[in-house]
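# Observations on chain architecture
Spelled out from the first residue to the last, the chains are:
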Amino acid sequence: MNIIIGGGPAGRAAAIELASLEEDVTIIEKNHLGGTCLNQGCMVICGLRDITNFLSDAKTFNRHQILEVDYNLEYRKIADGIKKTIRRIRKITEKETKEAGIEVIYGEAKVPDNTQVEVEGEKFNYDKLIIATGARPYTPPIKGSENAINYQDILNIEEIPENLIIIGSGIISAEVANIFSILGSKVHIICRREFLAKIDSEIRDYITRILLRDVEIHTNTTIKNIKREAVKTDKGYFKGLPFLATGMIPNSEIIDIVKKGEKGNIIVDDRMQTSCKDIYAAGDVIGGIGTTPVARMEGAIAGLNAAGIEKRIDYTYIPHAISLGYDVSYIEMEETKGEKSVEGKMPGAAGPGSFWKVLDGNTGLGKVQVDLETGTIEKVYSIAPSSRHMVSYLSLLLRLGVKTYDFEKFIETHPSTDVIYKLMRFFAKY
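First, a word on scope: everything that follows refers to the structure included in this document. (Residues numbered from 1 in each chain as written. Predicted model: local features only at pLDDT ≥ 70, side-chain atom pairs only at ≥ 80, totals over all residues. Heavy atoms only, no water.)

## Here we look at the overall build of the chain
Let me state the cut-off plainly: Secondary structure follows DSSP: runs of H or I at least 4 residues long count as helices, runs of E at least 2 residues long count as strands, and numbering of each begins at the N terminus. Radius of gyration here uses only the C-alpha atoms, and the compact-globule reference equals 2.2 Å multiplied by the residue count raised to the power 0.38. Working definition: with a 1.4 Å probe on protein chains only, accessible area under 20% of the residue-type maximum means buried, over 50% means exposed, and in between means partly exposed. Counted charges follow a simple rule, with Lys and Arg positive, Asp and Glu negative, and His plus the chain ends left uncounted. Charge coordinates come from a single atom per side chain, which is NZ of Lys, CZ of Arg, CG of Asp or CD of Glu.
Secondary structure summary: the chain contains nine helices and 22 strands in total. By the compact-globule yardstick of 22 Å for 430 residues, the chain fits well, its C-alpha radius of gyration being 23 Å. The buried share among the 430 residues of the chain stands at 50%. If the 54 positive side-chain charges of the chain are averaged to one point and the 59 negative ones to another, these points end up 4 Å apart.

Next comes the structure, spelled out in structure tokens:
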């Protein structure tokens, strides 16, 4: 019997791989199938972002006297609509899971030893176990941090806050700031150090100057105290609803028989195997990259290895995206810079999703870094309506060994907002 604890992207991917091999597999899920992504994270952001994209377009049309768009904005109706949609997706997810031959047990699991899983008093024997219990918001040791909300609460607030104080400097803080600034909140982001520190500096500048133009960002700021309607810092008080976006902590407390890292993450090898030979782990619980596609990839690798089919994880050329007014998508290899590395960049093109943004000087940006000597593509950044899709396919091409000179043969669909192909064709000449 193969038991998987956690029905999120990693757990379901592992289960589907095992079921396709006609293995007996059971998922034990504490709450709902779909994990954080469906029920509290990615899909919530998608729902809110669709609304704010409409509002942003409406404001553009009104401002330039193209259309007169009137609307009545009630946050509770938006939140209720998102919840309704998520429930429908959840039913589909559960139906697909069970039709694949996977048994689903709802309840809270514990792993007392390396042979059994206990679910609310009932014990189940396993041959192979996969831990895919995800992660939860990290609450920093700041006085009054219990007064703040986090992404788990985003659909439960009653109305759009007049002022929102986001504590954190990463992707979640950027996405939440974008949404609520368009909804009408006055948004402040308070960062202990730099904002989006891992992002290319020119891309970060475009984000802060254009995409988050109505958001005030305070870097190198220390939080002293968090109250229900204010945040005290070393640079003064900020009045508003506090929102924590300070990272994640793995849900690994259910098992103590495997080795863990300093932050509680379960340590695995490139086969997703833990320190116990019959126990595997995947997804946010291992404290890795932390995106849904990577969790699925890790889950699939764990499932195949649990079935005796050796596969090893490959984290090269992983695509990433930030959901703002435009998608900010990128591929970046750490510490990769050849002897003849050069950068190229150009403004985004007018096209589907960006035509009317020309009037505001906001058509996006494309940027690449390549090694002219080898043709190796080292970094890709794209801010464009289509960038999320373009970068995912480019990720595959890079994994297959495509070089800049291969883009001489590239033919784009038209019209397109993507300018990365233009940069690649330019560098193909070299």
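## Comments concerning unusual backbone geometry
For the bond running from H414 to P415, omega is 0 degrees, close enough to zero to count as cis. Looking at where P415 falls in the secondary structure, it is placed in the loop between α8 (387-399) and α9 (420-428). At E120, a position not held by glycine, the phi torsion is positive, near 50 degrees. Among the structural elements, E120 can be located in the loop between β5 (116-119) and β6 (122-125). Residue E120 is classed as exposed on the basis of its relative accessible area, which comes to 64%. Unlike most non-glycine residues, Y317 shows phi in positive territory, near 55 degrees.

## What about the packing of aromatic side chains?
As a reminder of what qualifies: Each Phe, Tyr or Trp ring, with Trp reduced to its six-membered ring, pairs with another whose centre is within 6.5 Å; inter-plane angles below 30 degrees give stacked pairs, above 60 give edge-to-face pairs, and intermediate values give tilted ones.
Applying the stated criterion across every chain, the model contains nine aromatic pairs. Judged by centre distance (6.3 Å) and plane angle (65 degrees), the rings of F54 and Y71 are edge-to-face. Of this pair, F54 sits in helix α3 (residues 42-63) while Y71 sits in the loop between α3 and α4 (75-99), and the two are 17 residues apart along the sequence. Summarising the aromatic geometry, the rings of Y75 and F180 are spaced 5.9 Å apart at their centres and angled 40 degrees between planes, so their arrangement reads as tilted. Taken as a pair, Y75 in helix α4 and F180 in helix α5 (residues 171-183) lie far apart in primary sequence, 105 residues in all. One exposure class covers both Y75 and F180, and it is buried.

## Topic: the pairing of strand β10 (residues 186-190)
Basically, it comes down to this: Pairs of strands are assigned from DSSP output, requiring at least two bridges between the strands. Note on handedness: a clockwise path from strand one over the helix to strand two, with the strands aimed away from the viewer, defines a right-handed crossover.
Within β10, four of the five residues are buried, leaving the element largely enclosed by the surrounding structure. Bridge analysis of strand β9 (residues 163-167) against β10 gives five bridges, and the strand direction is parallel. Across the sheet, the residue bridging to I166 is I189, located in β10. Crossover connection from β9 via α5 to parallel β10: handedness right-handed. Of the pairings in the sheet, the one linking β10 to strand β11 (residues 215-218) comprises four bridges and is parallel in character. From the neighbouring strand, V187 faces β11, where its bridge partner is V215. Following the backbone out of β10, through helix α6 (residues 201-211) and into the adjacent parallel β11, one traces a crossover that is right-handed.

## Comments concerning the sheet that holds strand β20 (residues 341-347)
The criterion, for reference: A fitted line through C-alpha atoms serves as each axis, taken over the contacting stretch for helices, and the angle formed by two N-to-C directions is quoted from 0 to 180°. Between two residues, a contact is recorded if the distance between any of their heavy atoms is within 4.5 Å.
Spatially, five strands are ordered β18-β19-β22-β21-β20 in an open sheet, and the strand pairing comes out antiparallel. Two strands lie at the open edges of the sheet, namely β18 (320-323) and β20, each paired on one side alone. On average, adjacent strands in this sheet sit at an angle of 10 degrees to one another, irrespective of strand direction. By the bridge criterion, four bridges tie β18 to strand β19 (residues 327-332) in an arrangement that is antiparallel. What sits directly across from A321, in β19, is S329. Strands in contact with α8 are β18, β19 and β22 (376-384); relative to β19, the strand with the most contacts, it is inclined by about 15 degrees. Relative to the sheet, α9 contacts β20, β21 (365-371) and β22, its axis offset from that of β21 by approximately 30 degrees.

## Things to note about the side chain of S181
Tracing the backbone through its elements, the reader meets S181 in helix α5. In this structure, S181 is in contact with V187 and V215, ignoring residues within four places of it in sequence.

## Side note on a nonpolar patch on the surface
Definition in use: Grouping into patches uses exposed residues only, defined as over 30% relative accessible area, and leaves out salt-bridged ones; the cut-off is 9 Å for like charges and 5 Å for nonpolar side chains (Val, Leu, Ile, Met, Phe, Trp, Tyr). Reported accessibility uses the Shrake-Rupley method at a 1.4 Å probe radius. Residues are deemed covered only where the shown protein chains occlude them. The term salt bridge refers to a pairing of a side-chain nitrogen on Lys or Arg with a carboxyl oxygen on Asp or Glu at a separation within 4 Å.
Taken together, the side chains of I66, L67, F355, W356 and L359 define a hydrophobic patch exposed on the protein surface, amounting to about 470 Å² of accessible area. Mapped onto the elements of the fold, L67 is located in the loop between α3 and α4. For L67, a relative accessible area of 47% translates into the label partly exposed.

## Looking at the packing of α3 against α4
Applicable threshold: We call two directions roughly parallel when the angle between them is under 35 degrees, roughly antiparallel when it is over 145, roughly perpendicular when it lies between 65 and 115, and oblique otherwise. Handedness of a crossing follows from how the near helix is turned relative to the far one, being left-handed for an anticlockwise turn of less than a right angle and right-handed for a clockwise one.
Running from N to C, α3 and α4 cross one another at 135 degrees; their axes reach a closest spacing of 10 Å. Here α4 runs oblique to α3, going by the angle between their axes. The chirality of how α3 crosses α4 is right-handed. Between α3 and α4, the residues in contact are V44, G47, L48 and I51 and Y75, I78, I82 and I86, respectively.

## A short note on the sheet that holds strand β15 (residues 241-244)
The four strands lie next to each other as β11-β10-β9-β15, forming an open sheet whose pairing is parallel. Of all strands in the sheet, those with a lone pairing partner are β11 and β15, marking the two edges. When strand polarity is set aside, the average angle formed by the axes of neighbouring strands in this sheet is 20 degrees.

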